[in-house]
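These are the residues of each chain, in order.
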Amino acid sequence: KPELHHETEVHLLNLHDASNRMIRLVNTLLDVTRIESHNLIFQQEDVSLTKELQKLIAEFQRYAEASHVTLVLDSDSNLPFVHADRQRTTMVMETFIDNAIRYTTDSGTVTIRLKKEGSFIRFSVSDTGVGIPRVQQKNIFQKFFRASNVMQYQTEGTGIDLFISKYVIETLRGTIGFSSEQSKGSTFWFLLPIK
């Protein structure tokens, strides 16, 4: 309302953001429970990963700029659709982009690629960030895991999103993986079959 003081408005926006974070956390924990009970429901349809990615890039642009991270998009044109769960696939893409920005320091770059690869669409996100220690890489898709070197950056995180991402992509008959080198960055990727 116009009569609200600026300080009050800022507090209300902070409360709104905190409330949304709590809702996302509760929903994520519910998804973990559903995965463990083999009860996570998928709504599959024809999905344009190009359109979903364009929306995500627009949403992440301000966050990237505030973090002094340059977003680079490298995408094929006229990509075919995949048959997938739109919401859950977009959540995986969002997780990869969010993590890449979050763990990139010193005015780094995050490169997002969307390419046709045989009978698959490959989505990948590469960063110039902190990377993952080699000895801990085997745990990256485990529930509640967070690499030891990210704790020093005091970033928020539960270690659940990559666990859910792996389940989602594999349930959709895809493949998920990553490569990483500590202090040099990481690339997270998935392949989904073309419709």
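Residues numbered from 1 in each chain as written. Predicted model: local features only at pLDDT ≥ 70, side-chain atom pairs only at ≥ 80, totals over all residues. Heavy atoms only, no water.

Novice: Quick rundown of the environment of glutamate 59? Include the residues and the values.
Specialist: The topology assignment puts glutamate 59 in helix 2 (residues 49-66). In this structure the C-alpha to C-alpha distance between glutamate 59 and glutamate 94, which are 35 residues apart in sequence, comes to 9.7 Å. (Helix = DSSP H or I, 4+ residues; strand = E, 2+ residues; numbered from the N terminus.)

Novice: Could you give an account of the packing of helix 2 against helix 3 (residues 86-102), with specific residues and numbers?
Specialist: Two elements in contact, helix 2 and helix 3, have axes separated by 10 Å at closest approach and are oriented at 35°. Along this stretch, helix 2 crosses helix 3, giving a crossing that reads as right-handed. Side by side, helix 2 and helix 3 meet where Leu49, Glu52, Leu53, Leu56, Phe60, Tyr63 and Ala64 of the first sit next to Arg86, Thr89, Thr90, Met93, Glu94, Ile97, Asp98, Ile101 and Arg102 of the second. Of the residues in the contact of helix 2 with helix 3, the class split is nine nonpolar, two polar and five charged. (Axes fitted to C-alpha atoms, helices over the stretch in contact; angles between N-to-C directions. Left-handed = near helix turned anticlockwise from the far one by under 90°. Contact = heavy atoms within 4.5 Å. Nonpolar A, V, L, I, M, F, W, Y, C, P; charged D, E, K, R; others polar.)

Novice: How would you sum up the pattern of salt bridges? Please name residues and give values.
Specialist: In total, this model carries 14 salt bridges according to the counting rule given. Two residues, lysine 195 and aspartate 46, come together in a salt bridge whose shortest N-O distance is 3.1 Å. Of this pair, lysine 195 sits in the segment after strand 7 (185-193) while aspartate 46 sits in strand 1 (residues 44-47), and the two are 149 residues apart along the sequence. Among the residues examined, lysine 195 registers a relative accessible area of 65% and is labelled exposed. Residues joined by salt bridges that share partners form a network here, namely Glu45, Glu52, Lys55 and Arg86. (Salt bridge = Lys/Arg side-chain N within 4 Å of Asp/Glu carboxyl O. Buried < 20%, exposed > 50% of the residue type's maximum accessible area, 1.4 Å probe, protein only.)

Novice: Give me the side chain of aspartate 98: which residues, what numbers.
Specialist: Looking at where aspartate 98 falls in the secondary structure, it is placed in helix 3. On the basis of relative accessibility, which here comes to 18%, the residue aspartate 98 falls in the buried class. Setting aside residues up to four positions removed in sequence, aspartate 98 forms contacts with Phe60 and Tyr63.

Novice: Summarise the packing of aromatic side chains; cite the residues concerned and give the values.
Specialist: Considering all chains together, one arrives at nine aromatic pairs under this definition. An angle of 15° between the planes, with centres 6.3 Å apart, marks the rings of phenylalanine 96 and phenylalanine 123 as stacked. Pair noted here: phenylalanine 96 is in helix 3 and phenylalanine 123 is in strand 5 (residues 120-127), with a separation of 27 residues, a long-range link. Each residue in the set Phe96, Phe123, Phe141, Phe178, Phe188 and Phe190 is aromatic and connected to the rest through ring pairs, giving one cluster. The residue whose ring lies beneath arginine 88 is phenylalanine 42, and the NZ or CZ to ring-centre distance is 5.7 Å. (Phe/Tyr/Trp six-rings, centres within 6.5 Å; stacked < 30°, edge-to-face > 60°. Lys NZ or Arg CZ within 6 Å of the ring centre and 35° of its normal.)

Novice: Lay out the packing of helix 3 against helix 4 (residues 161-171) with the relevant residues and their values.
Specialist: Interaxial distance between helix 3 and helix 4 falls to 10 Å at its minimum, and their mutual angle equals 140°. Between helix 3 and helix 4, the angle is such that the two are oblique. The handedness of the crossing between helix 3 and helix 4 comes out as left-handed. Packed against helix 3, whose contacting residues are Arg88, Thr89, Met91, Val92, Thr95, Phe96 and Asn99, the element helix 4 presents Asp161, Leu162, Ile164, Ser165, Val168 and Ile169 at the interface. Taken together, the residues of the contact of helix 3 with helix 4 break down into seven nonpolar, four polar and two charged. (Parallel < 35°, antiparallel > 145°, perpendicular 65-115°, else oblique.)

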